[in-house]
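Here are the chains, one letter per residue:
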Amino acid sequence: MSLQRNPPDGAPSPQQLPDGLMDEQRRAAAVEEAVHQLSLHLSGHRRWFVLTGAGCSTESGIPAYRDETGAWRHKPPIQLHEFMGSESVRRRYWARSFVGFPRVHRALPNAAHHALAQLERQDRVRLLVTQNVDLLHQKAGSQNVIDLHGQLAWVACLGCRSLIERERVQHWLAANNPTLFAHDGAPDPDQRDASGHALAPDGDAQLALDVSGLQIPPCPSCGGLLKPNVVFFGETVPPQKVRDSYAALEEADAVLVVGSSLAVFSGYRFVRRAAELRKPIVVVNSGMTRADALAQLKLSGPCGALLDGALQLLSPGAA
Ligand SMILES: [Zn+2]
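Description of the structure in this document. What you are looking at is a predicted structure, and each value in this text was computed from that prediction instead of being measured.

A few words now on the overall build of the protein chain. Counting its regular elements, the protein chain contains nine helices and nine strands. Looking at the 319 residues of the protein chain, the share that counts as buried comes to 41%. Across the protein chain, every contact between residues at least 6 apart in sequence was considered, and the portion connecting residues at least 24 apart equals 71%.

So, in structure tokens, the structure goes:
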């Protein structure tokens, strides 16, 4: 937390307290001040354009690609041209995704998702654009959502363009690879153990597993190549989603960024456009973002606690 305030009259000065207590008191005061500032900004503008990223879902147990300094936590995610060009890359992707998907699929929305859904019900949100593929905003009740990077719960055929539920692909992979995935789900993605299992926000687990014999599913309709219905790195966002997002941005009074470092251009372009249109920008993210210099207010802290706290100030009792 970067915001601080002085203790009220009569309160012990921070210097008189033991280090631990002093830190705790400072932290609590900084959170309180940040919540206050956020609620003031939220009430100061009528219709918000909200942009969310992986940091919004970390409190739901889905880790972000980047840490607080913007560096990769794990190796960079798979690129589209690698997936398209190599059967072995596709085998590795589906094996890792088979292991990682259940954790994303069963994740529950956290306080940040619930607060944003409540702000929409209060008619404060014009549109929520998310870079996340986990459907947690919809699970929390947000209705007006554009999933900029697609939805992991669906798989698309690159031949006939049909969409297939991801769960069917999970069943197919389990049924056709009995030796590789001896149990349903096989290696536990919750464990970051010696074999290096770890999860990315698109359900891509890091596996130390020989996948050379993996059977990967063809399209059940045409036999074509299946790809998760998410935008890979190196792939462009569907133009209609971009146009709809820009249109909503034009109509919005202000922009709220939650849990994104905006390292990826697909999201950053909206903040840049908002700055060109001189719309106020508020950023809530634990760590640096590309929009820090453009923002009227930048808060570094846990998205859930800050948004929920601000919502409570705006409308006490809201959940
Ligand atoms: Zn097909």
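Following the structure, the description resumes.
One way to put it is that helix H3 (residues 87-105) packs onto helix H6 (residues 166-176) with a least axis distance of 11 Å and a crossing angle of 115 degrees. The orientation of H3 relative to H6 falls into the category roughly perpendicular. For the crossing formed where H3 meets H6, the hand is left-handed. In contact with Trp94, Phe98 and Phe101 of H3, H6 contributes Arg166, Gln170 and Leu173. Considered class by class, the residues forming the contact of H3 with H6 number four nonpolar, one polar and one charged.

Residues Val50, Val255, Val257, Val284 and Leu307 are the most contacted members of the largest nonpolar core, which totals 71 residues. A total of seven residues in this core trace back to one element, the largest contributor, which is H3. Viewed by domain, this core spans two of them, domain 1 (45-62 + 109-149 + 238-319) and domain 2 (71-106 + 150-230), each represented by three or more residues. Those residues within four positions of Val255 in sequence are excluded, and the remaining contacts are Phe49, Leu51, Val271, Ala274, Lys279 and Ile281.

With twelve residues, helix H8 (residues 265-276) should cover 16 Å at 1.5 Å per step; its first-to-last C-alpha distance of 16 Å lies within 8% of that length. Of the residues making up H8, those classed as buried are Gly267, Phe270, Val271 and Ala274. Considered in projection along H8, the buried side chains sweep an arc of 95 degrees and stay on one side of the axis. Residues of H8 that are exposed and angled more than 90 degrees away from the buried face: Phe265 and Glu276. Those residues of H8 that are buried are in contact with strand E1 (48-52), strand E2 (125-130), helix H7 (239-251), strand E7 (254-258) and strand E8 (281-284). Positioned one or two residues after H8, Arg278 has a phi angle of 60 degrees, which is positive.

Now for the sheet that holds strand E5 (residues 163-165). Strand order in the open sheet formed by three strands is E5-E4-E6, with antiparallel pairing between adjacent strands. On the outer flanks of this sheet lie E5 and strand E6 (226-230), each paired with one strand and no other. Strand-to-strand, the axes of this sheet are offset by a mean angle of 45 degrees, without reference to chain direction. Across four bridges, the pairing between strand E4 (residues 150-157) and E6 is antiparallel. Counterpart to Gly150 in the pairing with E6 is Val230.

Analysis parameters
Residues numbered from 1 in each chain as written. Predicted model: local features only at pLDDT ≥ 70, side-chain atom pairs only at ≥ 80, totals over all residues. Helix = DSSP H or I, 4+ residues; strand = E, 2+ residues; numbered from the N terminus. Buried ≥ 20, exposed ≤ 12 C-beta atoms within 10 Å, placed from the backbone. Contact = placed C-beta atoms within 7 Å. Axes fitted to C-alpha atoms, helices over the stretch in contact; angles between N-to-C directions. Parallel < 35°, antiparallel > 145°, perpendicular 65-115°, else oblique. Left-handed = near helix turned anticlockwise from the far one by under 90°. Nonpolar A, V, L, I, M, F, W, Y, C, P; charged D, E, K, R; others polar. Core = buried A, V, L, I, M, F, W, Y, C linked by C-beta atoms within 7 Å. Domains from an automatic or database assignment. Expected span 1.5 Å × (residues − 1). Arc of directions from axis to C-beta. Pairing = 2+ DSSP bridges.

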